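Summary of the model geometry
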Amino acid sequence: MRPDVVVGDTATRFVDAMQAEARITAVAAYARDRVTLRVDALDGQDHLVPSLVCHRRDAEGTWRSVWSVSGAFQALPVPAGLVYVRRGEDGRQFVALRADTGGSDTAPERVLDIRPGMVGSLMLRPGTGTLVYTVEGPSAPGDHPQSVLRDSDAVWWDGPDASLAGARRPVGDWQLWQVPLGAEGEAQQVGLTLPPGTALTGEAACTAEAVVLGTREHRPDGSRRFGLLVVAYDGSPARHLQPTGFDITAPVSCPDGLTVACLAASLPAEGEAPAQYAALVAAPSWEPQILKAPDDTWQQPCGWDGPDRLVCRGAEGRRSVLNTYHVRTSSWTRTEASASVLHAQIADGRAAAVVAAIATPPAVEVVHLSTGAVEPVTATRLTLPAGRVSHHPQRLPDVPGNLASWLCVPEDGPARGTVVLLHGGPVRNWAEWHWRWNPWPFVASGFAVILVEPPLSLGYASSMSTGWRRWRTGVAAVAARQIDQLRDRTGLADTPLAVVGPCVGGLLALSVAQELRPRLVVSYGGTMDQAQIVGGGDGSWLWAGEFGSPDTEHARYAAESFQPHSVPAGTRVLLSHGLHDGWVPPTESLRVHRALLRDGVRSELVLFRTEGHQLARPRNVRAWYRWTLTACLEELGAPAAAERAG
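Throughout what follows, the structure given in this document is the object of discussion.

Criteria and thresholds
Residues numbered from 1 in each chain as written. Predicted model: local features only at pLDDT ≥ 70, side-chain atom pairs only at ≥ 80, totals over all residues. Heavy atoms only, no water. Helix = DSSP H or I, 4+ residues; strand = E, 2+ residues; numbered from the N terminus. Rg over C-alpha atoms; globule rule 2.2 N^0.38 Å. Buried < 20%, exposed > 50% of the residue type's maximum accessible area, 1.4 Å probe, protein only. Contact = heavy atoms within 4.5 Å. Areas by Shrake-Rupley, 256 points an atom, 1.4 Å probe, with all protein chains shown as cover. Lys, Arg positive; Asp, Glu negative; His and termini not counted. Charge placed at Lys NZ, Arg CZ, Asp CG, Glu CD. Phe/Tyr/Trp six-rings, centres within 6.5 Å; stacked < 30°, edge-to-face > 60°. Axes fitted to C-alpha atoms, helices over the stretch in contact; angles between N-to-C directions. Parallel < 35°, antiparallel > 145°, perpendicular 65-115°, else oblique. Nonpolar A, V, L, I, M, F, W, Y, C, P; charged D, E, K, R; others polar. Pairing = 2+ DSSP bridges.

**Considerations on the overall build of the chain**
In terms of regular secondary structure, the chain is built from 13 helices and 36 strands. A globule of 646 residues ought to have a C-alpha radius of gyration of about 26 Å, and the chain, at 25 Å, matches this closely. Counting only C-alpha atoms and orienting by the principal axes, one finds that the chain spans roughly 70 × 65 × 55 Å. For the chain, the proportion of its 646 residues judged to be buried stands at 54%. Of all intrachain contacts in the chain linking residues separated by at least 6 positions in sequence, the fraction that spans at least 24 positions is 55%. As displayed, the chain offers around 26700 Å² of accessible surface, 49% of which is attributable to carbon and sulfur atoms. Computed over 58 positive and 67 negative side-chain charges, the inter-centroid distance for the chain is 4 Å.

So, in structure tokens, the structure goes:
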């Protein structure tokens, strides 16, 4: 490392400010004049702690923050006020009601129930004053039918649910509980009989006659099937919904008390890519009705605007919008917010939405679904470094469907180099704000930043087939051509290059090195050997669902994994991994680090001792940026001393 290279003040200040900022993550609850937000804020010990923050709309139409509860993360509007879940100091979770007393926001909470396990879904049974909720029951290490492991910290399994995460935090099965909202009455567990081989997921929705619970089931090839279990309140036999050719998840209750919307994901046959749809299931038949979306977009149900209008969040390439399905006419209408919609709750013809974009930190606004009019509620206070962002649709001659990239450049002066960011997922996109993989610290250091949307990027459904089951030979190969094309079109072809990516993006960054010959490659938690990950990672069922069983599809797994000797000798590579990563074992980065060194690559390895698959702790994120930005300046060109001063 060069001691004369120092990250500039502007970039350092922005990274510090970004990591200190409270993060608006979701609209926890929405009732016409009250928006309750989930906000993750930094505590004094470098943890992001969830809180609920309630904003009210006054008579003048101004939204104001009126109360907050630390350690809370779930909320549900009820006629009497707001039910929420908060974590106690002893780890137990409190289900509490804060009454709405004629506009007063000083009413104390009333605890309805205390649970030792994690509360999942909160629901109000239609037509009653009964709260229904799912709870992940507690479990203790050493649980074994014959108690042969007693007095140890061992965690035992005899089925395919064995996982590293389950060993670190042993949990029991999901349970269903109910409690009256009135002053009298205690919580009662609802008895459940599950189909053989299935378990609950914690997802749930209520109708007037039944509660609909999410289920999962292991398949012989290691993948999972997801369905819904309809449990009637009258005690009649439960009905398991698992339609041929689709997984159905994420149920959302309809105000009619009969219907539940859900997300339906197709199970692709050989050679096909998956698709996602909104779907309806309703009493008495409970047969899923798939709702084909406009322009082959993917729709995620997020709420109901009355009994006949289902509101979905849909990705459309450069942004996510709200699409309303009109049940009576089987038609769709589209509503845009001021930026990409990340999360929304629906009430009275409006959506309370968290919105963001590459250059727009998260904000909250109320969007009128019929007119598109927007009422600002609150916004993240964060000043971006000076720069410009542009969106570039792309076409490649032999690649079907739409592709695109984003470009962020410094406001003044030519870029001293180009940094490419490749997203993880891989079914994700850049049409939102990213707290961890953010382009603006690089822009503040004088670099142009390309954010690539290769095949599998959510919102480009037409190009899914190019990337499905082809992470390296499809996604990475096309991404390399996209990078070359955009650099040629924007005058960046002769600038030195760095390629950065997390998870699958880490695999892509290393996989494009042979063709693009960057000076620097950076990977965090990279998915290097797919067969090893499906054998030892907690997300093995996802890989098995896409690639098949590693026992029968070994050649496919090998072809889509990191290829030995694909990084040119002399290239500098920064590998990092969370030591507690259960999804992609940290040995993946360790193994590749050793292989790269044998090939003459200048590889460095960092293992974060307190991180998992997500790089989350603010001090670690700051350290990662310092390390990566310093390497970019060393390899792509450091600024002069005057520029470093900011």
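**Thoughts on the packing of aromatic side chains**
Enumeration according to the criterion identifies 13 aromatic pairs in this entry. Taken together, a centroid distance of 5.9 Å and an interplanar angle of 40° make the contact between Trp-437 and Tyr-524 tilted. Pair noted here: Trp-437 is in the loop between strand E31 (418-422) and helix H3 (440-444) and Tyr-524 is in strand E34 (residues 520-524), with a separation of 87 residues, a long-range link. Overall, Trp-437 belongs to the buried group, its relative accessible area being 12%. Between Tyr-524 and Phe-608 the ring centres are 6.4 Å apart and the planes differ by 55°, which places this aromatic pair in the tilted class.

**Examining the packing of helix H5 (residues 471-489) against helix H6 (residues 504-511)**
It is at 9 Å that the axes of H5 and H6 come closest, and there the two elements cross at 70°. When the interaxial angle is binned, H5 and H6 end up roughly perpendicular. Facing H5, whose interface residues are Trp-471, Arg-472, Val-475 and Ala-476, H6 presents Val-504, Leu-507, Leu-508 and Ser-511. Partitioned by chemical class, the residues of the contact of H5 with H6 number six nonpolar, one polar and one charged.

**Observations regarding the sheet that holds strand E26 (residues 350-357)**
The pairing of strands in a sheet happens through backbone hydrogen bonds and is either parallel or antiparallel. The strand order across the open sheet built from four strands is E25-E26-E27-E28, with neighbouring strands paired in antiparallel fashion. The open sheet terminates on both sides in strands that have one partner only, identified here as strand E25 (340-347) and strand E28 (374-379). Put simply, the sheet's adjacent strands are angled 25° from each other on average, direction ignored. The pairing of E26 with strand E27 (residues 360-368) spans seven bridges and is classified as antiparallel. Bridge assignment links Ala-357 to a residue of E27, and that residue is Thr-360.

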